[in-house]
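Each chain is listed here by its residues.
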Amino acid sequence: MQVMVIGSGYVGLVAAACFAEAGHRVLGVDVDAAKVEALRGGHSPIYEPGLDELLTKYLASGTLRFSTDLKEGVAEADAAFICVGTPQSEDGSADMKYVLAVAGQIGDAMALRAKDAKPLIVVDKSTVPVGTAARVHAEIASHTDRAFEVVSNPEFLREGSAIGDFLEPDRVVIGCRSDHAERVMKALYQPFLDRSGGKWFRMDPPSAELTKYAANAMLALRISFINEIANLAESVGADVDHVKTAIGADHRIGPAFLNPGPGFGGSCFPKDLQALLKVGREHGQPMMTLSATVEANRHQKQVLLRKVKAAFGVTPGVPAPLKGRRFALWGLAFKAETDDIRESMALELIDGLVNLGAEVVVHDFAAMEAVRAKIGDRVRYARTPLEACEGADALLIATEWAQYRQADLAAVAKALKARRIFDGRNLFRPEAMEQGGWTYHSLGRRPVEGK
Ligand code: UDX
């Protein structure tokens, strides 16, 4: 199969590399000439485990190419994936200007296809509001009379495990109206389904578009729910680890995605919730559980700051109450295995601490540069996790990098001024921390007060 992937952001790059891995010929397109140049040299602009290796391999074999010119691929392509960004507009809706601009360009380039060529399958892979397939269809049709069909094919990959998620999907969802479109999409995805035994779902485009939003909204709701249970567990003297394991054993609930955390972030959940709320408002259907999820997450993003304030006796009205205090912060990315800091709670935590007069020394395994570019010298940057702890009054943990879980706590204790950890990811067991003489505050479990 010949595939075009338009937009070399997260989804586009991963899709391009993985389609090449499946044996298809792929042309990746991006308007950013510098990015295309870097990609031709095998340099990915994003950090994603396994991506560079795939890019290098298939650039070398020639089955993967990059260009700034969308016209290069349209004549021969079986399918063209639209993977450009849909940033959040001020009213919360997804901004469709890039998607529609690409649709217009595809329409113009359609003249390069033979008159009797099979219909080009144009695939919406960006997360787009319900009804977008119809809008994209209308836009292309206003530029050409050649045959094409617009298909919705939402992407469910997670940052940090994007390559594995794409190569071995649980399911592939296709919203289409013809058997030809389904055949093309199946030919593209069959190698992945063969690997994973994942399920194939064909439906109409609006259902596929809604599936994507519904999946993300339900996951976000689940996280907010367990976060609230964790907060309550602390107040009533229960342990969220027991609760989540026991409720997760009910096959109707399942064990995944029940880890309390410092509030969800990233490029998807916050944006998609706002977009779905907007769709609901437009159609007179209030999405009340989603409003509550957004509210609960806003509250949760302050959870570590609340704990620090309580522990250090911060009372309202006192100026700079944390002046003279230093905090080490491990983890800046919104989750492990990514350099993405979009909507990361670490940034809110930094803001809160600095506004209270504290000094913050940060460490992350991938997101240091992103934070430096955003907030500069508002914090100090440590080269190692241990260096961040030197002379600090406490260690705060915001991201669940595996290396932090394996840290040498004896060395950490030596570096810190006091054995005190506020853990937003429940990396350690309270019993072990108690034995080590730590003061240890985690989520939804009894606090440990060191001697
Ligand atoms: C998410 C969806 O999982 C994916 O299917 C979709 O395509 C894009 O959005 P992603 O944003 O990469 O993927 O990250 P994910 O691993 O889902 O985590 C989202 C947020 O929830 C993170 O902030 C994470 O720390 C948090 N989280 C996740 C929890 O707090 N607890 C959990 O149990 C799981």
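Residues numbered from 1 in each chain as written. Predicted model: local features only at pLDDT ≥ 70, side-chain atom pairs only at ≥ 80, totals over all residues.

A. Focus on the overall build of the protein chain. When you go through the protein chain residue by residue, the secondary structure sums to 19 helices and 14 strands. Computed over C-alpha atoms, the radius of gyration of the protein chain comes to 24 Å, within 12% of the 22 Å expected from 2.2 N^0.38 for 451 residues, which places it in the range of a compact globule. In terms of its C-alpha atoms, the protein chain occupies a principal-axis envelope of roughly 80 × 45 × 40 Å. For the protein chain, buried positions account for 45% of its 451 residues. At a minimum sequence separation of 6, the contacts of the protein chain that also span at least 24 residues come to 72%. (Helix = DSSP H or I, 4+ residues; strand = E, 2+ residues; numbered from the N terminus. Rg over C-alpha atoms; globule rule 2.2 N^0.38 Å. Buried ≥ 20, exposed ≤ 12 C-beta atoms within 10 Å, placed from the backbone. Contact = placed C-beta atoms within 7 Å.)

B. Spotlight on the site of the ligand. Taken together, 19 residues sit near the ligand, with N259, G261, F264, G266 and C268 positioned nearest. It is helix α9 (residues 205-236) that contributes the most residues to the shell around the ligand, 3 residues altogether. Residues lining the shell around the ligand come from more than one domain, with at least three contributed by each of domain 1 (2-203) and domain 2 (213-295). (Near = placed C-beta within 6 Å. Domains from an automatic or database assignment.)

C. Broad picture of the pairing of strand β8 (residues 199-203). As defined by bridge partners, strand β7 (residues 171-175) adjoins β8 across 5 bridges and the pair is classed as parallel. Counted as the bridge partner of V172 is W200 from β8. Of the crossover connections in this fold, the one passing from β7 over helix α8 (residues 179-196) to the parallel β8 is right-handed. (Pairing = 2+ DSSP bridges. Right-handed = clockwise from strand over helix to strand, strands pointing away.)

D. Spatial organisation of the packing of α9 against helix α11 (residues 269-282). At a minimum axis separation of 9 Å, α9 and α11 run at an interaxial angle of 115°. Where α9 crosses over α11, the handedness of that crossing is left-handed. Residue-level inspection shows Y213, N216, A217 and A220 of α9 in contact with α11, the latter providing F269, D272, L273, A275 and L276. Along the lines of polarity and charge, the residues of the contact of α9 with α11 split into 7 nonpolar, 1 polar and 1 charged. (Axes fitted to C-alpha atoms, helices over the stretch in contact; angles between N-to-C directions. Left-handed = near helix turned anticlockwise from the far one by under 90°. Nonpolar A, V, L, I, M, F, W, Y, C, P; charged D, E, K, R; others polar.)

E. Seen up close, the sheet that holds strand β11 (residues 380-381). Read across the sheet, 6 strands follow the order β11-β10-β9-β12-β13-β14 without closing on themselves; strand pairing throughout is parallel. Two strands lie at the open edges of the sheet, namely β11 and β14 (439-441), each paired on one side alone. With 5 bridges connecting them, strand β9 (residues 326-330) and strand β10 (residues 359-363) associate as parallel partners. When the bridges of β10 are listed, L329 appears paired with V362. Sitting on the sheet, helix α14 (residues 345-355) is in contact with β9, β10 and β12 (394-397), with an inclination near 180° to β9.

F. Representation of the domain arrangement of the protein chain within the structure. Domain boundaries in the protein chain define domain 1 (2-203), domain 2 (213-295) and domain 3 (301-441). Every contact between the two is made by 5 residues of domain 1 and, on the other side, 7 residues of domain 3. Partitioned by chemical class, the residues of the side of domain 1 that touches domain 3 number 2 nonpolar, 2 polar and 1 charged.

G. Up close: the UniProt feature "domain: UDP-glucose/GDP-mannose dehydrogenase C-terminal" (unreviewed entry) in the protein chain. The positions UniProt marks with the feature "domain: UDP-glucose/GDP-mannose dehydrogenase C-terminal" (unreviewed entry) are residues 328-430. From the first C-alpha to the last, residues 328-430 spans 20 Å; its make-up is 35% helix and 17% strand. (UniProt positions renumbered as here; feature names shortened; annotations may be inferred.)

H. Geometry of the confidence of the model for the protein chain. Mean pLDDT over the protein chain stands at 96; residues scoring 70 or higher make up 100%. If you check the scores for this complex, the pTM reads 0.93 and the ipTM reads 0.94. (pLDDT = per-residue confidence, 0-100.)

I. Focus on helix α6 (residues 132-141). Within α6, the full set of buried residues consists of T132, A133, V136, E139 and I140. Projected down its long axis, α6 carries its buried residues within an arc of 125°, all on one side. Tucked into the core, α6 has its buried residues touching α5 (97-109), β5 (120-124), β6 (148-152), β7 and α9. (Arc of directions from axis to C-beta.)

J. Representation of helix α3 (residues 51-61) within the structure. For α3, every residue scored as buried is listed here: L54, L55 and Y58. The buried residues of α3 occupy one face: seen down the axis, they fall within an arc of 100°. In this fold, the buried residues of α3 make contact with α1 (10-21), α2 (33-40), β3 (64-67) and α7 (162-167). Once α3 ends, the next one or two residues include G62, with phi positive near 85°.

K. Spatial organisation of the environment of A109. Here A109 is to be found in helix α5. Through-space distance from the C-alpha of A109 to that of T144 is 8.5 Å; in sequence the pair is 35 residues apart. With near-sequence residues (within four places) excluded, A109 lies in contact with L70, K71 and V74.

L. Highlighting the pairing of β12. Going residue by residue along β12, you find A394 and L396 tucked away on one face and L395 and I397 tucked away on the opposite face as well. Bridge analysis of β9 against β12 gives 4 bridges, and the strand direction is parallel. What sits directly across from L329, in β12, is L396. In the sheet, β12 pairs with strand β13 (residues 420-423) via 3 bridges, with the strands oriented parallel. Opposite I397, over in β13, you have D423 as the bridge partner.

M. Just the packing of α9 against helix α10 (residues 240-248), in detail. Where α9 meets α10, the closest approach of the two axes is 9 Å, and the angle between their N-to-C directions is 140°. Considered as vectors, α9 and α10 are oriented oblique to each other. The element α9 and its partner α10 pack so that their crossing is right-handed. Note on element contacts: α10 touches α9 through V240, V243 and K244, opposite I226, I229, A230 and A233. Its residues assigned to classes, the contact of α9 with α10 comprises 6 nonpolar, no polar and 1 charged. (Parallel < 35°, antiparallel > 145°, perpendicular 65-115°, else oblique.)

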